Amino acid sequence: TETKAKAGSLEESIKKDLPMLLPEQRNDVVFIERRLQESGKQGVLLTNGTGTGKTFSGLGAIKRMVDSGKENILIVTPGSEINKQWIEAAKKFFGINIHELESEQDAGKGVTITTYANYGSNNELVNRDWDMIVQDESQKLMENEKGDPTNGMKKLRALTYHHDGLRNRFKLIHAKEYSHLEKLRKEDT
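What counts and what doesn't
- Residues numbered from 1 in each chain as written.
- Predicted model: local features only at pLDDT ≥ 70, side-chain atom pairs only at ≥ 80, totals over all residues.
- Heavy atoms only, no water.
- Helix = DSSP H or I, 4+ residues; strand = E, 2+ residues; numbered from the N terminus.
- Buried < 20%, exposed > 50% of the residue type's maximum accessible area, 1.4 Å probe, protein only.
- Contact = heavy atoms within 4.5 Å.
- Areas by Shrake-Rupley, 256 points an atom, 1.4 Å probe, with all protein chains shown as cover.
- Pairing = 2+ DSSP bridges.
- Salt bridge = Lys/Arg side-chain N within 4 Å of Asp/Glu carboxyl O.
- Axes fitted to C-alpha atoms, helices over the stretch in contact; angles between N-to-C directions.
- Parallel < 35°, antiparallel > 145°, perpendicular 65-115°, else oblique.
- Left-handed = near helix turned anticlockwise from the far one by under 90°.
- Nonpolar A, V, L, I, M, F, W, Y, C, P; charged D, E, K, R; others polar.
- Phe/Tyr/Trp six-rings, centres within 6.5 Å; stacked < 30°, edge-to-face > 60°.
- Core = buried A, V, L, I, M, F, W, Y, C linked by side-chain atoms within 4.5 Å.

Here we take up the overall build of the protein chain. Within the protein chain, the secondary structure is distributed over eight helices and four strands. Secondary structure elements of the protein chain, listed N to C terminal, follow the sequence α-α-α-β-α-β-β-α-β-α-α-α. In terms of overall dimensions, the protein chain has a C-alpha envelope of 65 × 40 × 30 Å along the principal axes. A buried classification covers 35% of the 189 residues belonging to the protein chain. Of all intrachain contacts in the protein chain linking residues separated by at least 6 positions in sequence, the fraction that spans at least 24 positions is 53%. With an accessible surface of roughly 11,900 Å², the protein chain has 48% of that area assigned to carbon and sulfur atoms.

As structure tokens, this is what we get:
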């Protein structure tokens, strides 16, 4: 059973659990937890400047989730070199093993990391019930020249049960049936 934290105890708990974080990064983790758990909000956007340690803030929030028994966590980054940085920092400083997706047919296991390219086209991701999705450089989600949602944004909405993604989620879950229907439609014309 969960109990509501007393005032100040969340900060102390995070300070104790995450001594490797700077005070500002611990404040980010407090903000993340309060927004997601206490306020029941669906997401958090960290807008700290470049070089302020947002990766460590994200890893701190992930560490707290893993320590509470939640390991269905997906991290999405712009590229494989950044994936390596996340994997190394997670292992070295937080004791977290992150598994990198090997293909677009792989949904991974435990804490998982992939690139935006894989994420946008990987339909297997819908088959996991994610506890948390962390998007590094999230501005990449809306960089379509026409202003249309990118495949990454569509995937985020499908994976997080966003109202604009429910139809896409259904299509991804039933991809074989949709493919069969499309084949029948083409044969009919």
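Moving on, there is more to tell.
Further remarks concern the sheet that holds strand S4 (residues 132–135). Through backbone hydrogen bonds, the strands of a sheet pair up, either in parallel or in antiparallel fashion. Taking strand neighbours across the sheet as the criterion, the four strands line up as S2-S3-S1-S4 in an open arrangement whose pairing is parallel. At either end of the open sheet lies a strand with only one pairing partner, and these are strand S2 (99–100) and S4. For strand S1 (residues 73–77) and strand S3 (residues 111–115), the ladder comprises five bridges, and the chain directions are parallel. By the bridge assignment, Ile73 is partnered in S3 with Val111.

Inspection of the entire model under this criterion finds six salt bridges. For the salt bridge of Glu81 with Lys84, the shortest nitrogen-to-oxygen distance reads 3.2 Å. A residue pair is termed a helical-turn pair when its members lie 3 or 4 positions apart in one helix, as Glu81 and Lys84 do in helix H4 (residues 80–94) at three residues. Residue Glu81 is classed as exposed on the basis of its relative accessible area, which comes to 51%. Relative accessible area serves as the criterion here: at 40%, Lys84 is assigned to the partly exposed category. Where Arg185 meets Glu182, a salt bridge forms, and the shortest distance between an N and an O atom there is 2.6 Å. One end of the pair, Arg185, and the other, Glu182, are both in helix H8 (residues 175–188), three residues apart, so they sit about a helical turn from each other. Judged by its relative accessible area of 47%, Arg185 is partly exposed.

Running from N to C, helix H1 (residues 9–17) and helix H2 (residues 23–38) cross one another at 130 degrees; their axes reach a closest spacing of 10 Å. Classified by the angle their axes make, H1 and H2 are oblique. Seen along the crossing, H1 lies across H2 with a hand that is right-handed. Contacts between H1 and H2 involve Leu10, Glu11, Ile14 and Lys15 on the former and, on the latter, Arg26, Val29, Val30, Glu33, Arg34 and Glu38. Its residues assigned to classes, the contact of H1 with H2 shows four nonpolar, no polar and six charged.

Let us now look at the packing of aromatic side chains. Inspection of every chain in the model, using the stated rule, returns four aromatic pairs. For the pair Phe56 and Phe93, a centre-to-centre distance of 5.1 Å together with 55 degrees between the ring planes defines the contact as tilted. Of this pair, Phe56 sits in helix H3 (residues 54–67) while Phe93 sits in helix H4, and the two are 37 residues apart along the sequence. Measuring from ring centre to ring centre gives 6.4 Å for Phe170 and Tyr178, while their planes differ by 85 degrees; the resulting arrangement is edge-to-face.

What follows is about the nonpolar core. Counting residues in hydrophobic clusters, the biggest one holds 24 residues, and the most contacted among them are Leu59, Ile62, Ile75, Ile98 and Val111. Mapped by element, the contributors of at least two residues to this core are H1, H2, H3, S1, H4, S3 and S4. Beyond its immediate sequence surroundings of up to four residues, Ile75 is in contact with Ile62, Trp86, Ile98, Val111, Thr112, Ile113, Thr114 and Val134. Membership of the second largest hydrophobic core comes to 14 residues, among which are Tyr116, Ile133, Met153 and Leu156.

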